[in-house]
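# Chain and residue survey
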Amino acid sequence: MRRFDTVAILGVGLIGGSIGLALRRRKLASQVIGIGRRPESLRVALEMGAITSSTLVSAEGVAAADLVIVCTPVGRIVDDVRHVAAHCRPQALITDVGSTKGRIVADLNDSLPNGVRFIGSHPLAGSERSGPAAAEADLLVDRVVVVTPVAATRPDDLEDLCGFWLNLGARVVQMAADEHDRALAATSHVPHLVAAALAAATPDEVLGLTAGGWGDCTRIAAGDPELWRQIFVGNREPLLASLRQFEECLSVFRAAIERRDDDALVELLTAAKHRRDKVT
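Presented here is a report on the structure given in the accompanying data block. (Residues numbered from 1 in each chain as written. Predicted model: local features only at pLDDT ≥ 70, side-chain atom pairs only at ≥ 80, totals over all residues. Heavy atoms only, no water.)

### Some points on the sheet that holds strand 8 (residues 144-148)
Rules: Strands were regarded as paired on the criterion that DSSP finds at least two bridges between them. Helix numbering and strand numbering both begin at the N terminus, where a helix is a DSSP run of H or I of at least 4 residues and a strand a DSSP run of E of at least 2. Working convention: axes come from line fits to C-alpha atoms, limited for helices to the stretch in contact. Angles between N-to-C directions cover 0 to 180 degrees.
Strand order in the open sheet made by the 3 strands is 7-8-9, with mixed pairing throughout. Of all strands in the sheet, those bounded by a partner on one side alone are strand 7 (120-123) and strand 9 (171-174). Taking each pair of neighbouring strands and ignoring which way they run, the sheet shows an average axis angle of 25 degrees. Here 4 bridges tie strand 8 to strand 9, and the two strands are oriented parallel to one another.

In C-alpha coordinates, the structure reads:
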(Lines give C-alpha, C1' and ligand atoms only; values in the text may rest on other atoms or scores of the structure.)
Protein backbone atom coordinates (compact mmCIF):
# COMPACT_ATOMS: atom_id res chain seq x y z
CA MET A 1 0.00 0.00 0.00
CA ARG A 2 1.39 3.34 -1.10
CA ARG A 3 2.27 6.06 1.41
CA PHE A 4 1.10 9.48 0.28
CA ASP A 5 3.99 11.55 1.55
CA THR A 6 2.73 14.84 0.09
CA VAL A 7 -1.01 15.50 0.20
CA ALA A 8 -2.70 18.56 -1.28
CA ILE A 9 -6.14 19.58 0.01
CA LEU A 10 -8.18 21.86 -2.23
CA GLY A 11 -10.67 23.53 0.09
CA VAL A 12 -9.52 23.50 3.72
CA GLY A 13 -12.89 23.79 5.46
CA LEU A 14 -14.49 21.44 7.96
CA ILE A 15 -13.79 18.22 6.06
CA GLY A 16 -10.53 19.29 4.42
CA GLY A 17 -9.24 20.74 7.68
CA SER A 18 -10.19 17.61 9.61
CA ILE A 19 -8.36 15.43 7.08
CA GLY A 20 -5.29 17.64 7.39
CA LEU A 21 -5.37 17.53 11.19
CA ALA A 22 -5.72 13.75 11.15
CA LEU A 23 -2.84 13.35 8.71
CA ARG A 24 -0.55 15.47 10.86
CA ARG A 25 -1.59 14.01 14.22
CA ARG A 26 -1.10 10.48 12.90
CA LYS A 27 2.14 11.40 11.07
CA LEU A 28 0.82 9.94 7.82
CA ALA A 29 2.22 12.64 5.51
CA SER A 30 5.31 14.83 5.60
CA GLN A 31 3.67 17.68 3.72
CA VAL A 32 0.00 18.73 3.78
CA ILE A 33 -0.55 21.60 1.37
CA GLY A 34 -3.69 23.68 1.77
CA ILE A 35 -5.14 25.33 -1.32
CA GLY A 36 -7.94 27.87 -1.13
CA ARG A 37 -9.41 31.15 -2.25
CA ARG A 38 -9.46 32.99 1.09
CA PRO A 39 -6.12 33.85 2.72
CA GLU A 40 -7.79 34.16 6.13
CA SER A 41 -9.12 30.59 6.04
CA LEU A 42 -5.72 29.28 5.01
CA ARG A 43 -4.10 31.25 7.82
CA VAL A 44 -6.45 29.68 10.36
CA ALA A 45 -5.76 26.20 8.97
CA LEU A 46 -2.02 26.82 9.16
CA GLU A 47 -2.15 28.18 12.71
CA MET A 48 -4.19 25.25 13.99
CA GLY A 49 -1.83 22.73 12.39
CA ALA A 50 -4.15 21.31 9.73
CA ILE A 51 -1.64 22.08 6.95
CA THR A 52 2.10 22.61 6.67
CA SER A 53 1.93 25.22 3.89
CA SER A 54 -0.66 27.05 1.85
CA THR A 55 -1.21 28.67 -1.51
CA LEU A 56 -3.94 30.49 -3.41
CA VAL A 57 -2.70 28.99 -6.69
CA SER A 58 -3.96 25.44 -7.18
CA ALA A 59 -1.44 24.65 -9.92
CA GLU A 60 1.39 25.33 -7.47
CA GLY A 61 -0.27 23.48 -4.61
CA VAL A 62 -0.75 20.18 -6.44
CA ALA A 63 2.55 20.13 -8.36
CA ALA A 64 4.39 17.89 -5.88
CA ALA A 65 1.40 16.01 -4.43
CA ASP A 66 1.04 12.24 -4.46
CA LEU A 67 -2.61 12.57 -3.47
CA VAL A 68 -4.98 15.48 -4.09
CA ILE A 69 -8.24 15.70 -2.12
CA VAL A 70 -10.82 18.02 -3.65
CA CYS A 71 -13.04 19.37 -0.87
CA THR A 72 -14.96 21.99 -2.83
CA PRO A 73 -18.77 22.21 -3.26
CA VAL A 74 -20.25 19.46 -5.45
CA GLY A 75 -21.10 21.87 -8.25
CA ARG A 76 -17.40 22.68 -8.69
CA ILE A 77 -15.77 19.31 -8.19
CA VAL A 78 -15.63 18.14 -11.82
CA ASP A 79 -14.08 21.38 -13.05
CA ASP A 80 -11.70 21.52 -10.08
CA VAL A 81 -10.50 17.95 -10.65
CA ARG A 82 -9.90 18.57 -14.34
CA HIS A 83 -8.05 21.80 -13.60
CA VAL A 84 -5.70 20.38 -10.97
CA ALA A 85 -5.10 17.16 -12.94
CA ALA A 86 -3.40 19.22 -15.63
CA HIS A 87 -0.83 20.37 -13.07
CA CYS A 88 -0.31 17.17 -11.07
CA ARG A 89 2.78 15.03 -11.21
CA PRO A 90 2.51 11.87 -13.35
CA GLN A 91 0.59 9.00 -11.71
CA ALA A 92 -0.86 11.20 -8.96
CA LEU A 93 -4.18 10.11 -7.46
CA ILE A 94 -7.12 12.48 -7.00
CA THR A 95 -10.20 11.93 -4.87
CA ASP A 96 -13.02 14.14 -3.63
CA VAL A 97 -15.40 14.32 -0.67
CA GLY A 98 -18.62 15.22 -2.50
CA SER A 99 -22.04 14.25 -1.15
CA THR A 100 -23.22 13.21 -4.62
CA LYS A 101 -21.25 10.85 -6.80
CA GLY A 102 -23.13 9.82 -9.96
CA ARG A 103 -22.52 12.82 -12.19
CA ILE A 104 -19.06 13.49 -10.77
CA VAL A 105 -17.83 9.95 -11.36
CA ALA A 106 -19.44 9.74 -14.81
CA ASP A 107 -17.95 13.04 -15.94
CA LEU A 108 -14.49 12.09 -14.70
CA ASN A 109 -14.56 8.52 -15.97
CA ASP A 110 -12.22 9.32 -18.81
CA SER A 111 -8.49 9.74 -19.06
CA LEU A 112 -6.93 12.63 -17.19
CA PRO A 113 -3.57 14.06 -18.31
CA ASN A 114 -0.19 12.67 -17.23
CA GLY A 115 -1.64 9.34 -16.15
CA VAL A 116 -3.43 11.03 -13.26
CA ARG A 117 -6.32 8.95 -11.90
CA PHE A 118 -9.53 9.84 -10.07
CA ILE A 119 -11.58 7.75 -7.62
CA GLY A 120 -14.60 9.24 -5.89
CA SER A 121 -14.97 9.31 -2.12
CA HIS A 122 -17.57 10.56 0.35
CA PRO A 123 -16.84 10.73 4.10
CA LEU A 124 -20.15 10.46 5.95
CA ALA A 125 -19.14 12.99 8.56
CA GLY A 126 -19.50 16.66 9.27
CA SER A 127 -21.97 19.04 10.79
CA GLU A 128 -23.84 22.25 10.12
CA ARG A 129 -20.64 24.15 10.94
CA SER A 130 -18.14 25.16 8.29
CA GLY A 131 -14.62 26.50 7.94
CA PRO A 132 -11.27 25.26 9.22
CA ALA A 133 -11.98 26.43 12.78
CA ALA A 134 -14.64 23.71 12.99
CA ALA A 135 -12.21 20.95 11.98
CA GLU A 136 -11.55 17.98 14.27
CA ALA A 137 -8.64 15.56 14.07
CA ASP A 138 -10.91 12.62 15.00
CA LEU A 139 -13.84 13.59 12.79
CA LEU A 140 -13.49 10.46 10.64
CA VAL A 141 -12.80 7.98 13.42
CA ASP A 142 -15.30 5.11 13.12
CA ARG A 143 -17.20 7.00 10.43
CA VAL A 144 -18.02 5.48 7.05
CA VAL A 145 -16.23 6.70 3.97
CA VAL A 146 -17.85 5.52 0.74
CA VAL A 147 -15.44 4.91 -2.14
CA THR A 148 -16.92 4.62 -5.64
CA PRO A 149 -14.61 2.78 -8.05
CA VAL A 150 -15.52 2.13 -11.69
CA ALA A 151 -14.62 -0.73 -14.02
CA ALA A 152 -11.46 1.05 -15.17
CA THR A 153 -10.19 1.72 -11.62
CA ARG A 154 -6.81 0.15 -11.01
CA PRO A 155 -6.85 -2.33 -8.12
CA ASP A 156 -3.66 -0.86 -6.62
CA ASP A 157 -5.11 2.67 -6.72
CA LEU A 158 -8.26 1.43 -5.01
CA GLU A 159 -6.23 -0.36 -2.35
CA ASP A 160 -4.13 2.75 -1.77
CA LEU A 161 -7.14 5.05 -1.41
CA CYS A 162 -9.04 2.68 0.87
CA GLY A 163 -5.90 2.32 2.97
CA PHE A 164 -5.63 6.10 3.21
CA TRP A 165 -9.12 6.42 4.70
CA LEU A 166 -8.59 3.43 6.97
CA ASN A 167 -5.43 5.04 8.33
CA LEU A 168 -7.52 8.06 9.33
CA GLY A 169 -9.70 5.78 11.46
CA ALA A 170 -12.61 5.50 9.04
CA ARG A 171 -14.59 2.44 7.94
CA VAL A 172 -14.55 2.08 4.16
CA VAL A 173 -17.53 0.92 2.10
CA GLN A 174 -17.21 0.42 -1.64
CA MET A 175 -20.24 0.87 -3.88
CA ALA A 176 -21.25 2.11 -7.31
CA ALA A 177 -21.80 5.84 -7.61
CA ASP A 178 -25.49 5.52 -8.52
CA GLU A 179 -26.09 3.17 -5.60
CA HIS A 180 -24.43 5.70 -3.32
CA ASP A 181 -26.70 8.48 -4.57
CA ARG A 182 -29.87 6.46 -4.01
CA ALA A 183 -28.79 5.58 -0.49
CA LEU A 184 -27.68 9.08 0.48
CA ALA A 185 -30.91 10.57 -0.85
CA ALA A 186 -32.69 8.65 1.92
CA THR A 187 -30.12 8.95 4.70
CA SER A 188 -28.81 12.49 4.16
CA HIS A 189 -30.53 14.58 1.52
CA VAL A 190 -34.19 14.03 2.45
CA PRO A 191 -33.36 14.53 6.17
CA HIS A 192 -31.81 17.89 5.36
CA LEU A 193 -34.76 18.89 3.20
CA VAL A 194 -37.21 17.86 5.97
CA ALA A 195 -35.21 19.76 8.59
CA ALA A 196 -35.25 22.86 6.41
CA ALA A 197 -38.97 22.52 5.75
CA LEU A 198 -39.72 22.11 9.46
CA ALA A 199 -37.65 25.18 10.33
CA ALA A 200 -39.33 27.20 7.58
CA ALA A 201 -42.83 26.08 8.65
CA THR A 202 -42.40 27.15 12.28
CA PRO A 203 -44.05 30.54 12.88
CA ASP A 204 -41.84 33.34 14.22
CA GLU A 205 -44.14 33.91 17.17
CA VAL A 206 -43.53 30.42 18.62
CA LEU A 207 -39.75 30.23 18.14
CA GLY A 208 -39.32 31.25 21.77
CA LEU A 209 -41.12 28.06 22.78
CA THR A 210 -38.84 25.66 20.90
CA ALA A 211 -36.83 23.15 22.91
CA GLY A 212 -34.64 20.11 22.40
CA GLY A 213 -36.94 18.25 20.02
CA TRP A 214 -37.22 21.13 17.57
CA GLY A 215 -33.52 21.88 17.91
CA ASP A 216 -32.50 18.26 17.26
CA CYS A 217 -34.77 17.99 14.22
CA THR A 218 -33.70 21.27 12.64
CA ARG A 219 -29.99 21.43 13.56
CA ILE A 220 -28.77 20.52 10.10
CA ALA A 221 -30.99 23.19 8.52
CA ALA A 222 -28.32 25.65 9.69
CA GLY A 223 -26.00 24.33 6.97
CA ASP A 224 -24.83 26.38 3.98
CA PRO A 225 -27.88 26.95 1.71
CA GLU A 226 -25.85 27.20 -1.50
CA LEU A 227 -23.99 23.97 -0.73
CA TRP A 228 -27.27 22.13 -0.19
CA ARG A 229 -28.84 23.63 -3.30
CA GLN A 230 -26.03 22.07 -5.30
CA ILE A 231 -26.52 18.72 -3.57
CA PHE A 232 -30.29 18.72 -4.20
CA VAL A 233 -29.84 19.65 -7.87
CA GLY A 234 -26.97 17.20 -8.34
CA ASN A 235 -28.99 14.28 -6.91
CA ARG A 236 -32.40 15.38 -8.20
CA GLU A 237 -33.95 12.08 -9.33
CA PRO A 238 -32.90 9.92 -6.35
CA LEU A 239 -33.91 12.77 -4.03
CA LEU A 240 -37.37 13.02 -5.58
CA ALA A 241 -37.86 9.24 -5.38
CA SER A 242 -36.84 9.18 -1.73
CA LEU A 243 -38.99 12.22 -1.00
CA ARG A 244 -42.03 10.44 -2.48
CA GLN A 245 -41.44 7.53 -0.08
CA PHE A 246 -41.26 9.96 2.83
CA GLU A 247 -44.45 11.70 1.75
CA GLU A 248 -46.26 8.35 1.54
CA CYS A 249 -45.11 7.46 5.06
CA LEU A 250 -46.15 10.88 6.34
CA SER A 251 -49.60 10.46 4.79
CA VAL A 252 -50.06 7.18 6.68
CA PHE A 253 -49.32 8.96 9.96
CA ARG A 254 -51.70 11.76 9.02
CA ALA A 255 -54.49 9.33 8.14
CA ALA A 256 -54.14 7.53 11.47
CA ILE A 257 -54.42 10.83 13.34
CA GLU A 258 -57.43 11.91 11.27
CA ARG A 259 -59.18 8.58 12.01
CA ARG A 260 -58.30 8.84 15.71
CA ASP A 261 -56.78 5.37 15.30
CA ASP A 262 -54.70 5.00 18.46
CA ASP A 263 -53.68 1.42 17.69
CA ALA A 264 -52.38 2.37 14.25
CA LEU A 265 -50.44 5.30 15.71
CA VAL A 266 -48.79 3.10 18.33
CA GLU A 267 -47.90 0.56 15.65
CA LEU A 268 -46.39 3.23 13.42
CA LEU A 269 -44.46 4.88 16.24
CA THR A 270 -43.20 1.51 17.50
CA ALA A 271 -41.97 0.54 14.02
CA ALA A 272 -40.20 3.88 13.72
CA LYS A 273 -38.60 3.48 17.15
CA HIS A 274 -37.34 0.00 16.27
CA ARG A 275 -35.83 1.31 13.03
CA ARG A 276 -34.13 4.17 14.87
CA ASP A 277 -32.86 1.86 17.63
CA LYS A 278 -30.94 -0.15 15.02
CA VAL A 279 -28.61 2.82 14.56
CA THR A 280 -26.17 3.19 17.43
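### Considering the pattern of salt bridges
Close approach of charged atoms lets side chains of opposite charge pair. Where we set the bar: The rule for a salt bridge is simple: a side-chain nitrogen of Lys or Arg has to be within 4 Å of a carboxyl oxygen of Asp or Glu. Using a 1.4 Å probe on the protein chains alone, a residue whose accessible area is under 20% of its type maximum counts as buried, one over 50% counts as exposed, and one in between counts as partly exposed.
Taken as a whole, this structure holds 16 salt bridges when the rule is applied. Arginine 117 is paired through a salt bridge with aspartate 157; the nearest N and O atoms lie 2.7 Å apart. A residue pair is termed long-range when its members are at least 10 positions apart, and arginine 117 in strand 6 (residues 117-118) and aspartate 157 in helix 6 (residues 155-167) qualify at 40 residues. Neither residue differs from the other here; arginine 117 and aspartate 157 are each classed as buried.

### Thoughts on the packing of aromatic side chains
As a reminder, the rule being used: Here a pair means two rings of Phe, Tyr or Trp (six-membered ring of Trp) with centres within 6.5 Å. Their orientation is stacked below 30 degrees between planes, edge-to-face above 60, and tilted elsewhere.
This model, assessed by the stated rule, comprises 3 aromatic pairs. Measuring from centroid to centroid gives 5.1 Å for phenylalanine 164 and tryptophan 165, while their planes differ by 75 degrees, and the two rings are edge-to-face. One exposure class covers both phenylalanine 164 and tryptophan 165, and it is buried.

### As for the environment of cysteine 71
Applicable threshold: Contacts between residues were defined by any pair of non-hydrogen atoms, one from each residue, lying within 4.5 Å.
In this structure, cysteine 71 sits in the loop between strand 4 (67-70) and helix 4 (74-85). For the pair cysteine 71 and valine 97, spaced 26 residues apart in the sequence, the C-alpha separation amounts to 5.6 Å. With near-sequence residues (within four places) excluded, cysteine 71 lies in contact with Ile9, Leu10, Gly11, Gly16 and Val97.

### A word on the nonpolar core
Rules: Buried Ala, Val, Leu, Ile, Met, Phe, Trp, Tyr and Cys residues that are joined via side-chain atoms within 4.5 Å together make up what is termed a nonpolar core.
Val7, Ile19, Ile69, Val147, Phe164, Trp165 and Leu168 are the most contacted members of the largest nonpolar core, which has 36 residues in total. If you list the elements that add at least two residues to this core, you get strand 1 (6-10), helix 1 (14-25), helix 2 (39-47), strand 4, strand 8 and helix 6. Not counting the four nearest positions on each side in its chain, valine 7 is found in contact with Leu23, Ala29, Gln31, Val32, Ile33, Leu67 and Ile69. Of all hydrophobic cores here, the second largest spans 26 residues; its members include Val74, Val81, Val84 and Leu108.

### Remarks on the pairing of strand 4
Selection criterion: If you view a crossover with the strands going away from you and the path from the first strand over the helix to the second runs clockwise, you call it right-handed.
On strand 4, burial covers both faces: Leu67 and Ile69 on one face and Val68 and Val70 on the other are all buried. Bridge count for strand 4 against strand 5 (residues 93-96) is 4 bridges, and the pairing is parallel. Following the sheet pairing, valine 70 is matched in strand 5 by aspartate 96. Handedness of the β-α-β unit built from strand 4, helix 4 and strand 5 comes out right-handed.

### As for unusual backbone geometry
Backbone geometry at glutamine 91 places phi at a positive 70 degrees, although glycine is not the residue there. For glutamine 91, the location among the structural elements is in the loop between helix 4 and strand 5. Phi at asparagine 114 takes a positive value of approximately 60 degrees, unusual for a residue other than glycine. As for its placement among the helices and strands, asparagine 114 is situated in the loop between helix 5 (102-107) and strand 6. By relative accessible area, which is 40% here, asparagine 114 ends up partly exposed.

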